[in-house]
Amino acid sequence: MSDFSAAHLATLGLLLLSAPPARAQATEPPSVQLSEEGYILSTADKAFVLKIRGQLQGDGRFYVADSDRSGTNTFLIRRLRPFLDGTLFGFVDFRLMPDFGVGQPLIQDAYIDLRPVEWLRLRAGRFKTPFGLELLQANTDVPFIERSLTFDLVPIRDAGLQLHGDIAGGRLSYAFAVVNGAPDGASIDANTDDSFDLVARVFAQPFKGDADSALQGLGVGVAVSRGLQFGTPSTTPANTGLVPQRSTGQEVIFSFLNNGTAGGTAVADGEHVRLSPQGHFYWGPVGLLAEYVLSSQEVRTGDQRARLRHHAWQAYASYVLGGDASFTGPKPHRPFDPKTGKGGALEISARYQGLDMDDDAFPRFADPARSVSQARGFGVATLFAFNRRVRFALNYHHTDFVGGAPDGDREAENVVMSRFQVAF
């Protein structure tokens, strides 16, 4: 090779070594947002998302004309819930939500959702049982500070698997779940009787998304559950599979017999079936919601058995000034401006509710001197939404009882409740 050629090759090599590398394909940086929806971190394509959110509810609970002092006037942190929502790989959602309210830290939600398409999702973990309509409404969105008496007969949270989804843009929603089997008005973490509950719910909103229809806020549905539940009174403490029922003021008004002996402790002992027709209607400032719950359960005390059928129902109406009513709470037309004193929305609500415990529960399975057989109540509520996330509420509830006292009927409950809420 000539000296001329070698020199040229050496120069070419130096040029190649000194040339800047080819620029890698440009990628968009991750997104970090802070808004009323919380702290949101995500990749540009939204395949990976992390939402840091939370809620705080500071309550006051005051019993009026309570001569027997069954309730205690108190201020309390009703709920304190930091939680994480997220998405992985674009099709796996998750939620982790602990609760530090009322001085009892616990895990409320902890689940994973596989979401290949909107109409087909598979949820695994601990979640709300897909049954009660008011239960499935977020606690930050309900018009009343405490849920209705129907809450006493629905399973609340449970662990298991749930197949669910929305069809036709949410006009039809469905859920089918296999869960451990929570007692009425309770949540559980683990199975204690080696059997499972099946839960199914279908909810239709046939006019959803039709802005020209006055029925776009109409929704009707039905939920059912069935399982076998068995208590074991011989354990310490007794695992009865039955829990007390509470009033709107959160006082125990019904409890099954439990004296620590097999012959004097009532336990779940067989089939447990629930049924709940339910529906709501929202149109502009007007909101209506109603549901009915039947709980039919086999129980046993010693060698005495019975099938008890309990009923609960509620209906409420609300009207929003300065905003629109919705299942997710009042929506102000504009947020409150402290400088001008304008904005925000005021929701006024009224509710009538009832709870009927089976007469056959007395006296073999419950003490009529301590447990009521019937409750009827009404409540009025005002809720001021400064915006979608900050709210103040004031409620009054009156409830009459049949039975539940040594000398006849338990004293009527009159309770005033307040709440200041921040949720993001």
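Residues numbered from 1 in each chain as written. Predicted model: local features only at pLDDT ≥ 70, side-chain atom pairs only at ≥ 80, totals over all residues. Heavy atoms only, no water.

### Let's talk about the overall build of the protein chain
Part 1 of the argument: Regarding its fold elements, the protein chain presents two helices and 23 strands.
Part 2 of the argument: Since a compact globule built from 424 residues should have a radius of gyration of about 22 Å, the 28 Å found for the protein chain marks it as more spread out than a globular shape.
Part 3 of the argument: Counting only residues that meet the buried cut, the protein chain has 46% of its 424 residues in that class.
Part 4 of the argument: Long-range pairs, those at least 24 residues apart, make up 62% of the contacts in the protein chain between residues at least 6 apart in sequence.
Part 5 of the argument: Accessible area of the protein chain: about 20,700 Å², with a carbon and sulfur share of 63%.
Part 6 of the argument: Averaging the coordinates of the 40 positive side-chain charges in the protein chain and doing the same for the 46 negative ones gives two points 5 Å apart. (Helix = DSSP H or I, 4+ residues; strand = E, 2+ residues; numbered from the N terminus. Rg over C-alpha atoms; globule rule 2.2 N^0.38 Å. Buried < 20%, exposed > 50% of the residue type's maximum accessible area, 1.4 Å probe, protein only. Contact = heavy atoms within 4.5 Å. Areas by Shrake-Rupley, 256 points an atom, 1.4 Å probe, with all protein chains shown as cover. Lys, Arg positive; Asp, Glu negative; His and termini not counted. Charge placed at Lys NZ, Arg CZ, Asp CG, Glu CD.)

### A short note on the confidence of the model for the protein chain
Part 1 of the argument: Averaged over every residue, the pLDDT of the protein chain is 92; residues scoring 70 or more account for 93%.
Part 2 of the argument: Long-range and interchain partners of residues 9–19, a stretch whose pLDDT sits below 50, account for one contact in this model, where long-range means more than four residues apart.
Part 3 of the argument: Under a pLDDT of 50 for its full length, residues 22–26 has, in the predicted model, zero contacts with residues more than four places off or in other chains. (pLDDT = per-residue confidence, 0-100.)

### Here's the deal with the pairing of strand β5 (residues 92–99)
Part 1 of the argument: Summarising burial for β5: six of the eight residues are buried, a large majority.
Part 2 of the argument: Bridge count between strand β4 (residues 74–88) and β5: five bridges; the pairing is antiparallel. In the strand pairing of β5, G86 is matched with F94.
Part 3 of the argument: Connecting the antiparallel pair β4 and β5 is a turn made up of three residues, with F89 showing a positive phi of about 60 degrees.
Part 4 of the argument: The sheet contact formed by β5 and strand β6 (residues 106–117) spans eight bridges and is antiparallel. The partner of M97 across the bridge, within β6, is D109.
Part 5 of the argument: A loop of six residues connects β5 with β6, the two strands running antiparallel in sequence, and V102 in this loop sits at a positive phi of about 55 degrees. (Pairing = 2+ DSSP bridges.)

### What to know about the packing of aromatic side chains
Part 1 of the argument: Under the defined criterion, the tally for this structure stands at ten aromatic pairs.
Part 2 of the argument: With 6.1 Å between their ring centres and 85 degrees between their planes, F336 and F384 make a pair best called edge-to-face. Of this pair, F336 sits in the loop between β18 (331–332) and β19 (345–356) while F384 is found in strand β20 (residues 372–385), placing the two residues 48 residues apart along the sequence.
Part 3 of the argument: For F336, a relative accessible area of 27% translates into the label partly exposed.
Part 4 of the argument: Between the aromatic rings of F384 and F386, the centroid separation amounts to 4.9 Å while the plane-to-plane angle is 85 degrees, which identifies the pairing as edge-to-face.
Part 5 of the argument: The exposure class assigned to F386 is partly exposed, which follows from its relative accessible area of 25%.
Part 6 of the argument: Through successive ring pairs, a cluster of aromatic residues spans F254, F256 and F362. (Phe/Tyr/Trp six-rings, centres within 6.5 Å; stacked < 30°, edge-to-face > 60°.)

### So, the environment of Q205
Part 1 of the argument: Residue placement: Q205 occurs in the loop between β10 (197–204) and β11 (218–230).
Part 2 of the argument: Considered as a pair, Q205 and R334 are 129 residues apart in the sequence and their alpha carbons are 27 Å apart.
Part 3 of the argument: Apart from residues lying up to four places away in sequence, Q205 is in contact with G170, R171, L218, G219 and H280.

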